[in-house]
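Chain and residue survey
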Amino acid sequence: MADFDRDQNAFFITFTVEEGEQYTFGDISVETTLPDLDVAALEGAARTSPGAVYDSEAVERTLEDLTLAVSSRGYAFAQVRPRGERDYDARTIAITYFIDEGARTYIERINVVGNTRTRDYVIRREFDLAEGDAYNQVLIDKAERRLNNLGYFKSVKIFSEQGSAPDRVIVNVQVEDQSTGEISIGGGYSTDAGIIAQVSLSERNFLGRGQQVKIAAGRGEDTQTYQLSFTEPYFLDRRLSAGFDIYRNAIGESSSTSLHPYEEVVNGGTLRLGIPLVEDLTLGLSYNISQSEIDEISSKITDVNPNLISDEDRIVSSLGYSLVYNTIDNMAMPRDGIYAKFGQEGAGVGGDAQFIRTTVQADYYRELNTDYGIIGHVGAKAGHVVGLGDNLDYRDHFRMGGDLVRGFESGGIGPRDADTGYLLGGQFFVGGTVETIFPVPLIPSDLGFYASLFADAGTVWDVDEDTVAATGASVIGDDASIRASVGLGLLWQSPFGLLRANVALPVAEDDADRTQLFSFSGGTRF
């Protein structure tokens, strides 16, 4: 609808958008004119399934998967086209994917323009096509999505034009670079460690090569942490990520005997390799080695139980792997998608520690109301560690707090020594969170203020019995009772990046737990 305002000599155009009924997928089938294709196998590869809520992105991903599957069988010019049949009464849409040979067209040239910083090869390697290959629009669209997901560019546009012959096509890639550096700050306060602050500098497109570099440093009243990380996302010119981390943590004796009643210096490093299995699933492999030196154990510990904490130098050498499934739309401020991770770490490849640690995590985000920008988040995590041979050191147990249930200090939850209050930790943990995030009422949405209401619950339990017997600890808080909290968060997508502050009130706790009312974190890009 268009209205003309004579006073301003301008037209005002109003677009009315009405959300229709929600549809689900009906029957899913594949039809083809090409010989020797296993239609049943192709139907099984579809990301659309009968009964699921209709999702155009799932249709697009299916087109890509089917195109690659058919191309791998020797049909380089195959085209996959979806056809939907709507059932208005049942509110379903049946999808048939038609596969035929398609026109024989080749890519004559790929032009890249607008990249003042990012190097050409960083852009070209996101294509599953090259000059001379058969032209395929589905794979072109896939490359465009990959380039957008890199986060290196403000905009990405790919368009084609006629080449020097009727069967030749020129592909033009137009991009606009954006800032990819980031400076982040974080902090909090605990009665055990006082004020804690951390700053990190990171670059996701180092020298325009697509490499990631991060330098971080943290400082508390008695704590100093340093870290250097580097990641090459295309190791050996393949879609493999490889990198390393080097770190040093110097931790002084805390004011209480809860988590860290001694001085400790930990130096270590990690080698990492990431292998994409499918579009959203990645296998990670890692090797970690660290050396810890403990000194100046508090007399509050040694006077009561001199065997509780060993001051011998210790080397931990471990191999690990993880499976990560990630469809999150924006890792900094998720609105939609799933993040799931399963990982195991085995120590005993040399060194002084022998254990197997298993962890699992799952987070689901969904925009509950697009009109008001309300986001729902449900998350869960769990873990188990078991010693192999020697006793399981208390530092190898799960020693958790606010990272499991907000409203508790770092290391504020779990089994403790009754005589000294020292946190022993547990071989098991489990936790979950339910959260809703929404724009702050009465504040203009373009200012970027959001609030959150959350509820967390979790527990840590089952300290290793052999370790307890060897150290003479007197265990309390090992009954797996649930700790829980409710709270309010304030988020601001500020010029300094996403800042977040939480106020959490524990509603279920053990007498020996240590609570923490307030925490904050934040960051910005440069």
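That block above? That's the structure.
Residues numbered from 1 in each chain as written. Predicted model: local features only at pLDDT ≥ 70, side-chain atom pairs only at ≥ 80, totals over all residues. Heavy atoms only, no water.

**Here's the deal with the pairing of strand S11 (residues 211–220)**
With eight bridges connecting them, S11 and strand S12 (residues 223–232) associate as antiparallel partners. Opposite Ile 215, over in S12, you have Leu 228 as the bridge partner. The antiparallel hairpin formed by S11 and S12 contains two residues in its connecting segment. (Pairing = 2+ DSSP bridges. Helix = DSSP H or I, 4+ residues; strand = E, 2+ residues; numbered from the N terminus.)

**Details of helix H2 (residues 56–71)**
For H2, spanning 16 residues, the distance from its first C-alpha to its last is 23 Å, which sits close to the expected 22 Å at 1.5 Å a residue. For H2, every residue scored as buried is listed here: Ala 58, Val 59, Arg 61, Thr 62, Leu 63, Glu 64, Leu 66, Thr 67, Ala 69 and Val 70. (Expected span 1.5 Å × (residues − 1). Buried < 20%, exposed > 50% of the residue type's maximum accessible area, 1.4 Å probe, protein only.)

**Thoughts on the packing of H2 against helix H4 (residues 137–150)**
Taken N-terminus to C-terminus, the directions of H2 and H4 make an angle of 125°; their axes are 9 Å apart at the nearest point. Taken together, the axes of H2 and H4 lie oblique to each other. Two packed elements cross with a definite hand, and for H2 against H4 that hand is left-handed. Contact residues: Glu 60, Arg 61, Leu 63, Glu 64, Thr 67 and Leu 68 in H2; Val 138, Leu 139, Lys 142 and Arg 145 in H4. (Axes fitted to C-alpha atoms, helices over the stretch in contact; angles between N-to-C directions. Parallel < 35°, antiparallel > 145°, perpendicular 65-115°, else oblique. Left-handed = near helix turned anticlockwise from the far one by under 90°. Contact = heavy atoms within 4.5 Å.)

**Topic: the packing of aromatic side chains**
For the structure on display, the rule yields eight aromatic pairs. With 5.0 Å between their ring centres and 45° between their planes, Phe 25 and Tyr 54 make a pair best called tilted. On the criterion of sequence distance, the pair formed by Phe 25 in strand S3 (residues 24–32) and Tyr 54 in the loop between helix H1 (39–44) and H2 is long-range, its members being 29 residues apart. Judged by its relative accessible area of 3%, Phe 25 is buried. Residue classification places Tyr 54 among the partly exposed residues on the basis of a relative accessible area of 34%. When the centroid spacing of 5.1 Å and the interplanar angle of 0° are considered together, the rings of Phe 449 and Trp 492 count as stacked. Of the two residues, Phe 449 is situated in strand S22 (residues 449–461) and Trp 492 in strand S24 (residues 483–494); the sequence distance between them amounts to 43 residues. Residue class for Phe 449 comes out partly exposed when judged on its relative accessible area of 24%. Among the residues examined, Trp 492 registers a relative accessible area of 27% and is labelled partly exposed. Across from the ring centre of Tyr 23, 5.4 Å away, lies the NZ or CZ of Arg 86, which sits over that ring. (Phe/Tyr/Trp six-rings, centres within 6.5 Å; stacked < 30°, edge-to-face > 60°. Lys NZ or Arg CZ within 6 Å of the ring centre and 35° of its normal.)

**Regarding the side chain of Glu 126**
Structurally, the position occupied by Glu 126 is in the loop between helix H3 (120–124) and H4. For the buried residue Glu 126, which engages in no salt bridge, the nearest side chain bearing the opposite charge is Arg 239, 4.3 Å off. A polar contact is formed between the side chain of Glu 126 and the side chain of Tyr 234, at a distance of 3.4 Å. Dropping the residues within four chain positions of it, Glu 126 is found in contact with Ala 143, Arg 146, Leu 147, Leu 150, Tyr 234 and Arg 239. (Lys, Arg positive; Asp, Glu negative; His and termini not counted. Salt bridge = Lys/Arg side-chain N within 4 Å of Asp/Glu carboxyl O. Polar contact = N/O pair within 3.5 Å; in protein donor to acceptor, adjacent residues only side chain to side chain.)

**Here's the deal with a negative patch on the surface**
Taken together, the side chains of Glu 221, Asp 222, Glu 253, Glu 263, Glu 293, Asp 295, Glu 296, Asp 311, Glu 312, Asp 313, Asp 352 and Asp 390 make up a negatively charged region of the molecular surface. Within the secondary structure, Glu 293 is located in strand S15 (residues 281–295). (Patch = residues over 30% accessible without salt bridge, like charges linked within 9 Å, V, L, I, M, F, W, Y side chains within 5 Å. Areas by Shrake-Rupley, 256 points an atom, 1.4 Å probe, with all protein chains shown as cover. Charge placed at Lys NZ, Arg CZ, Asp CG, Glu CD.)

**Digging into the sheet that holds strand S7 (residues 153–162)**
Read from one edge of the open sheet, three strands run S6-S8-S7, paired in mixed fashion. Both edges of this open sheet fall to strand S6 (106–113) and S7, since each of them pairs with a single strand only. Strand after strand, the sheet turns through a mean of 15° between neighbouring axes, direction not considered. Relative to strand S8 (residues 168–177), S7 runs antiparallel, the two being bridged by nine bridges. Bridging from a neighbouring strand, Ser 155 pairs with Glu 176 of S8. Sitting on the sheet, H4 touches S7 and S8, and the angle it makes with S7 is about 160°.

**Quick word on the side chain of Ser 290**
One can find Ser 290 in strand S15. On the accessibility criterion, Ser 290 (13% relative accessible area) is buried. For Ser 290, the residues in contact, after removing those within four places along its chain, are Tyr 247, Val 266, Asn 267, Gly 268, Arg 314, Ile 315 and Val 316.

**With respect to the nonpolar core**
Within soluble globular proteins, side chains that are nonpolar generally end up buried alongside one another. Within the largest apolar cluster, 21 residues are counted, with the highest numbers of intra-cluster contacts made by Leu 34, Leu 37, Leu 42, Val 70, Tyr 97 and Ile 99. A per-element tally of this core places H2 first, with five residues. Here Leu 34 is in contact with Val 70, Tyr 75, Ala 78, Ile 99, Asp 100 and Glu 101, once residues within four sequence places are set aside. Grouped together as the second largest cluster of nonpolar side chains are 20 residues, Val 122, Val 156, Val 169 and Val 171 included. (Core = buried A, V, L, I, M, F, W, Y, C linked by side-chain atoms within 4.5 Å.)

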